[in-house]
Amino acid sequence: MADQHCPGFESNKTLSEVKVKCPECGKEWAVFSDELEKKVKCSACKASFDAKTCKVN
Ligand SMILES: [Zn+2]
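What you are looking at is a predicted structure, and each value in this text was computed from that prediction instead of being measured.

Caption draft 1: Local environment of the coordination of the zinc ion. Coordination of the zinc ion by the protein involves Cys-22 (SG), Cys-25 (SG), Cys-42 (SG) and Cys-45 (SG), with metal-donor separations of 2.3 Å. Of note is the zinc ion, whose four donor atoms meet at the metal with angles of 106 to 114 degrees in an arrangement that counts as tetrahedral. According to the relative accessible area criterion, Cys-22 is buried, its value standing at 2%. Classification of Cys-45 by relative accessible area gives partly exposed; the value is 32%.

And the structure:
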């Protein structure tokens, strides 16, 4: 498996981590703040959902 390293990633230092909770199975984990703009996939149950609708405060 090739190591897919994005060369632009190192300069992107403004990201913070946001905690989300899977609406399907209740698993909680952290995503980067830019992932709130897109769908994320739960590693536990494989459900995909909008990260910003499932933020945990
Ligand atoms: Zn899940």
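Caption draft 2: Looking closely at the nonpolar core. Residues Val-18, Val-20, Cys-22, Trp-29, Val-31, Leu-36, Val-40, Cys-42, Phe-49, Ala-51 and Cys-54 constitute the largest nonpolar core, which totals 11 residues. Residue assignment for this core shows that the elements contributing at least two residues are β1 (17–21) and β2 (28–32). Not counting residues within four places of it along the chain, the set of residues in contact with Phe-49 comprises Lys-21, Cys-22, Pro-23, Trp-29, Lys-38, Lys-39, Val-40, Cys-42 and Cys-54.

Caption draft 3: Inspection of the pattern of salt bridges at higher detail. Under the criterion given, the structure shown has two salt bridges. Between Lys-19 and Glu-28 there is a salt bridge, with the nearest N and O atoms lying 3.3 Å from each other.

Caption draft 4: Geometry of the environment of Lys-52. Looking at where Lys-52 falls in the secondary structure, it is placed in the segment after β4 (48–50). It is 9.2 Å that separates the C-alpha atoms of Lys-52 and Ser-33, two residues lying 19 residues apart in sequence.

So, how was this worked out
- Residues numbered from 1 in each chain as written.
- Predicted model: local features only at pLDDT ≥ 70, side-chain atom pairs only at ≥ 80, totals over all residues.
- Heavy atoms only, no water.
- Donors = N, O, S within 2.8 Å, 3.2 Å for Na, K, Ca; no water.
- Tetrahedral: all angles 85-135°; square planar, octahedral: opposite > 155°, others 65-115°.
- Buried < 20%, exposed > 50% of the residue type's maximum accessible area, 1.4 Å probe, protein only.
- Core = buried A, V, L, I, M, F, W, Y, C linked by side-chain atoms within 4.5 Å.
- Helix = DSSP H or I, 4+ residues; strand = E, 2+ residues; numbered from the N terminus.
- Contact = heavy atoms within 4.5 Å.
- Salt bridge = Lys/Arg side-chain N within 4 Å of Asp/Glu carboxyl O.

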